[in-house]
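So you can see what is in the structure, the chains are spelled out below.
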Amino acid sequence: MKQLLMSSVATAVLLSGATAHAADPAPAAPQSETTPAKKDPEADRAGIEEVIVTAQRTETSLQRTPVSVQAYTAEELTRRGVSDIASLVQNDSSVNLNLSTGQPIIAVRGVSSQNATEVGDPAVSVATDGIFTNRPYGIFASIYDVARVEILRGPQGTLFGRNATGGTINVITARPTDGNEAMVTGEVGSYSLVGAEGYVNFGVAKGVNGRISFNLRNRNGYRDLTPNKTRGDDEDLKSIRAQFAFESGALEGWILGQYSQLGGGGAVRETLPFIFRNGVSGEPVHELHPDISDGRTFPAYVPYVRDMRHWELRGGLTYTFADDISISYLGGYDRINYLRQQAISPFFAGFGNGPLPVPRVYDSREKPETINQEIRVASAPNARFSWQAGAYYFRERNSVFVDIVFNPNSNARRLGTQFQYPSITSTSKALFAQASYGLTEELRLTVGGRYTWDNKERVGTFILHPAQTGGANIIRIDQPATSKSNKPTWTVGLDYQATPDNLLYAKVSTGYKVGGFNNAVSVYGPETVTSYEIGSKNSFLDRHLQLNVSAFRMDYSDQQVTQFVAGVQSSGSLTVNAGRSRIWGAELNLIAQDDAFGRVAISGNFTDAKYKEFIASAGWNSSINLNLAGNTLPLAPRWSFTGEYMLPIELASGATVTPRISGKYQSDQWFAATNYNSQKNPAYGLVDLGLDYETSDGNVLVQLWVKNLFDKTVFSDATEFYLYNNYQYSYQPPRTYGIRARVKIR
């Protein structure tokens, strides 16, 4: 299989290098960073529109960027109904997601971080306008009124820094533009969905423009929760954004403020008590629980509550000197108040009495405050010798207070466990540089490096109450901890522009994720990735056919893995460095477009992600060690495909009706390193349908849509939770449907 995949990629690379055109068409004019290319039937006939990306921190054509990157334009996101990170993942074959705790754990190329606590760090960095957040719940409200979303695959340690060992997702919002324009979209659908989104773009003065955007969504939950007759997996979002952009001679800049509020109950979990092999205790049966529900109705003995208030301020300045050298500043301030209340399994492993039905609630309050600062100097991007260099600073201050309460809605209410961490601070400083030199007119060499210094500190106390211990006294355990790490990361690449429409590239790059701590005496080190990649990007048939392929191998060292260790104080979970992993695979993106047959888009990913060395403690008995070498990494399906077909049909009035069908297939996937059947998401396929009507001037768009047409039940998480002796299951959305209407005023 490996030889077949590599041979296929090599064949595509050779074909791209051998392709010549009798006449090379002039490339399409680049669209701005914030405004997609206008709809033009003549342009459609000319071929697939060009997409401009900033994957290398400068504007380049997607097809001339020697990086494995998937970009979704504003038009594509609207067509596919992408409103948040979860719906983005359902439309992409290279990204996987775990939403069991309401905090997204994101994986790219099999690389993820399972530690979503206050001291954890992501392995796939997520940014909005280049501003990063460590707390993944802060990204739920970002995907509206955007220019595009870029997904960079593989380590991005040079230009994007730490915590990008798997890749980077960058949501780029739409900037204010010249002229006055407005848009409003309304939506209604199943589960009482009501949504509205829009913007107003306006001129303020010469060279100064403004833009105000908003997003409102409210929906009932997908799950019926018994016995209290509440609902879970609902949505309640409100967000508003205001920004201004200016240009005056050589100086240009922008500033943006956004406030978002996310309410409702959020993601919920079904919990069922362990079935033990010996019938009483010890090792559980590693299979799906026989009493598992259909994912629609199950017990939750206390209501789920989610309340997030999110304030964002960010902006950038660029000054360009006469010799086209520019100096840029990018900065952002981010503050979140996050409250999460959720049911814990009613099955509590009592002290010598077996499972006891004790309703409990997990009540968490966090207040992360983040600052990003970057200054960068760069040459003209299209020069034979181009370069960029800069400095970066990141700081996050957070406070976390967690209460686990027994019998929360009765007179028997008692505190069980508390985590009181009034001060958690993470800082990161880095210097970076990258240069590219044209060895010939077609061949370029790129070399870059970055050095990062990280520091993480926590002050706080872990408290055990008699309801938890069964004793008579309150136990207080101070948990101060400190972790420091630093690491160089680098990249070396060659790219060859064989023709104006065919690019070959090869690169070696490294990534680094900061180390951390479990407590004062348990510290884990940073993890590193070295990636080897070859690829080819091609346009054929006068840009009516686009074929991009890549193949990669990643050597993963000291991977941070979170595991349960019996007897550990606090949560029972420890993050450790797992030894070595090796990941290899191939990626394909194909687009074919023509007036005669419409548009076909197919993306496919093959990933073989295996632990080479990993000894883990058995969660049910810490005296037993498990050799997990040969197991598949979590969130790393072997095969994943997405596809879309659409056929625009022009009516006599000039309006267009477009039927479309899209879908996603994914092979078996595990949510934990132990790869038990109880932790597996079986292979599945989802189908979506849509029908669009758009007027000839593009000012009115009406969409009918159905998602998960065949109403498949698919896990978003399945795991064994040893602290409370239960199986836990979360689910992706069932079949949904609705109608969406958009009106533009220009």
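If you're wondering where the values come from, they're calculated on a predicted model, not measured in any experiment. (Residues numbered from 1 in each chain as written. Predicted model: local features only at pLDDT ≥ 70, side-chain atom pairs only at ≥ 80, totals over all residues. Heavy atoms only, no water.)

Draft legend 1. The overall build of the chain, seen in detail. Per the secondary structure count, the chain includes 5 helices and 50 strands. Relative to its full complement of 746 residues, the chain shows a buried share of 57%. Nonlocal contacts in the chain, meaning residues at least 24 apart in sequence, comprise 66% of its contacts between residues at least 6 apart. (Helix = DSSP H or I, 4+ residues; strand = E, 2+ residues; numbered from the N terminus. Buried < 20%, exposed > 50% of the residue type's maximum accessible area, 1.4 Å probe, protein only. Contact = heavy atoms within 4.5 Å.)

Draft legend 2. Focus on the packing of aromatic side chains. Counting across every chain of the model gives 19 aromatic pairs. Ring centres of Y319 and F321 lie 5.0 Å apart, and the angle between their planes is 75°; this geometry places the pair in the edge-to-face category. The partly exposed category is assigned to Y319, whose relative accessible area is 36%. F321 gets classed as partly exposed once you look at its relative accessible area, which sits at 41%. Ring geometry for W584 versus F606: centroids 5.2 Å apart, planes at 55°, classification tilted. Of the two residues, W584 is situated in strand β37 (residues 580-594) and F606 in strand β38 (residues 598-613); the sequence distance between them amounts to 22 residues. Accessibility assignment for this pair places W584 and F606 in one class, buried. Of the aromatic side chains, those joined through ring pairs into one cluster are F274, F276, W620, Y722 and Y727. Its guanidinium or amino end placed over the ring of W311, R335 lies 4.3 Å from that ring's centre, counting from NZ or CZ. The ring of Y421 is capped by R458, whose NZ or CZ atom sits 4.3 Å from the centre of that ring. (Phe/Tyr/Trp six-rings, centres within 6.5 Å; stacked < 30°, edge-to-face > 60°. Lys NZ or Arg CZ within 6 Å of the ring centre and 35° of its normal.)

Draft legend 3. Local environment of the environment of G47. Within the secondary structure, G47 sits in the loop between α2 (41-46) and β1 (52-53). Judged by relative accessible area, G47 falls into the buried class, the value being 4%. Separated by 548 residues in the primary sequence, G47 and D595 have C-alpha atoms spaced 9.6 Å apart. Excluding anything up to four places from it in sequence, G47 contacts D542, R543, H544 and Q593.

Draft legend 4. Region of the structure containing the pattern of salt bridges. Evaluation of the coordinates by the stated rule reveals 32 salt bridges. K238 is the salt-bridge partner of D236, the closest N and O atoms lying 3.3 Å from each other. A salt bridge links R296 to D711, with the shortest nitrogen-to-oxygen separation between them at 2.6 Å. Here D711 lies in the loop between β47 (700-707) and β48 (715-721) and R296 lies in the loop between β17 (270-273) and β18 (297-299), a separation of 415 residues in the sequence. Shared partners join several salt bridges into a network, and the residues in it are E187, R217, R219, E235 and R740. (Salt bridge = Lys/Arg side-chain N within 4 Å of Asp/Glu carboxyl O.)

Draft legend 5. Structural context of the side chain of S213. Considering the arrangement of structural elements, one finds S213 in strand β12 (residues 208-219). Residue classification places S213 among the buried residues on the basis of a relative accessible area of 0%. At 2.4 Å, the side chain of S213 forms a polar contact with the side chain of D145. Here S213 is in contact with Y144, D145, G198, Y199, S239, I240 and R241, once residues within four sequence places are set aside. (Polar contact = N/O pair within 3.5 Å; in protein donor to acceptor, adjacent residues only side chain to side chain.)

Draft legend 6. Molecular detail of the nonpolar core. Core analysis: the biggest nonpolar cluster contains 44 residues, and I583, F614, L633 and Y729 have the highest contact counts within it. Mapped by element, the contributors of at least two residues to this core are β5 (105-108), β34 (545-557), β35 (560-564), β38, β39 (615-618), β48 and β49 (726-731). Grouped together as the second largest cluster of nonpolar side chains are 19 residues, L77, V108, V124 and I143 included. (Core = buried A, V, L, I, M, F, W, Y, C linked by side-chain atoms within 4.5 Å.)

Draft legend 7. Representation of the side chain of R395 within the structure. Tracing the backbone shows R395 in strand β25 (residues 385-406). There is no salt bridge for the buried R395, and the closest opposite charge comes from E369, which lies 4.0 Å off by N-O distance. (Lys, Arg positive; Asp, Glu negative; His and termini not counted.)

Draft legend 8. Structural context of the environment of S539. By secondary structure assignment, the location of S539 is in strand β33 (residues 527-540). Distance in space between the C-alpha atoms of S539 and A592 is 9.8 Å, their sequence separation being 53 residues.

Draft legend 9. Layout of the sheet that holds β48. Pairing in this open sheet of 3 strands is antiparallel, and the strands run β17-β49-β48 from one edge to the other. In this open sheet, the two strands that pair with only one neighbour each are β17 and β48. Strand-to-strand, the axes of this sheet are offset by a mean angle of 15°, without reference to chain direction. The pairing of β17 with β49 spans 4 bridges and is antiparallel. Looking across to β49, one finds that P273 is bridged to N726. (Pairing = 2+ DSSP bridges. Axes fitted to C-alpha atoms, helices over the stretch in contact; angles between N-to-C directions.)

Draft legend 10. A look at the sheet that holds strand β6 (residues 124-128). Reading across the sheet, the 5 strands line up as β3-β8-β9-β6-β7 and stay open at both edges, with mixed pairing between neighbours. Each edge of the open sheet is held by one strand with a lone partner, namely β3 (69-73) and β7 (131-132). Pairing of β3 with strand β8 (residues 146-153), which is carried by 5 bridges, proceeds in the antiparallel orientation. Within β8, the position partnered with Y72 by the bridge is V149.

Draft legend 11. Structural detail: the pairing of strand β11 (residues 193-205). When strand β10 (residues 181-189) meets β11, the two strands line up antiparallel, connected through 9 bridges. Each bridged residue has a counterpart across the sheet, and for T185 the counterpart in β11 is E197. Where β10 hands over to β11, the hairpin turn is made up of 3 residues, of which Y191 adopts a positive phi near 55°. The pairing of β11 with β12 spans 11 bridges and is antiparallel. Opposite A205, over in β12, you have V208 as the bridge partner. What sits between β11 and β12 in their antiparallel hairpin is a turn of 2 residues, with G207 showing a positive phi close to 80°.

Draft legend 12. A look at the pairing of β39. Summarising the sheet, β39 and strand β40 (residues 621-627) pair through 4 bridges and their orientation is antiparallel. Counterpart to A616 in the pairing with β40 is L626. Taking the residues that link successive antiparallel strands as the turn, the β39-β40 hairpin has 2 residues.

Draft legend 13. Seen up close, the environment of P368. Along the chain, P368 falls in the loop between β23 (360-366) and β24 (369-378). The buried category is assigned to P368, whose relative accessible area is 3%. Separated by 30 residues in the primary sequence, P368 and Y338 place their C-alpha atoms 8.4 Å from one another. When neighbours within four sequence positions are excluded, P368 is seen to be in contact with R135, Y137, D334, R335, I336, E396, R397 and N398.

Draft legend 14. Region of interest: a nonpolar patch on the surface. The grouping of F246, L251, L317, Y319, F321, I327, Y329 and I375 at the surface amounts to a nonpolar patch, some 650 Å² of accessible area in total. Going through the elements one at a time, β19 (305-320) and β20 (326-344) are the ones with two or more residues in the nonpolar patch. The class for L251 is partly exposed, based on a relative accessible area of 31%. (Patch = residues over 30% accessible without salt bridge, like charges linked within 9 Å, V, L, I, M, F, W, Y side chains within 5 Å. Areas by Shrake-Rupley, 256 points an atom, 1.4 Å probe, with all protein chains shown as cover.)

Draft legend 15. Representation of the confidence of the model for the chain. Here the chain averages 87 in pLDDT, while 90% of its residues score no lower than 70. Looking over the chain, one finds the lowest element-wise mean pLDDT in strand β21 (residues 347-349), namely 43, and the highest in β47, namely 98. Note on residues 1-44: pLDDT is under 50 here. Beyond four places in sequence and across chains, it has 68 contacts. Low pLDDT (under 50) marks residues 347-356, which in the prediction has 21 contacts with non-local residues, meaning those over four places away or in another chain. (pLDDT = per-residue confidence, 0-100.)

Draft legend 16. Layout of unusual backbone geometry. Cis rather than trans, the peptide bond between T226 and P227 has omega equal to 0°. With respect to the element layout, P227 can be found in the loop between β13 (223-226) and β14 (230-232). With a phi close to 60°, D233 is a non-glycine residue in the positive phi region. Residue position: D233 is located in the loop between β14 and β15 (235-248).

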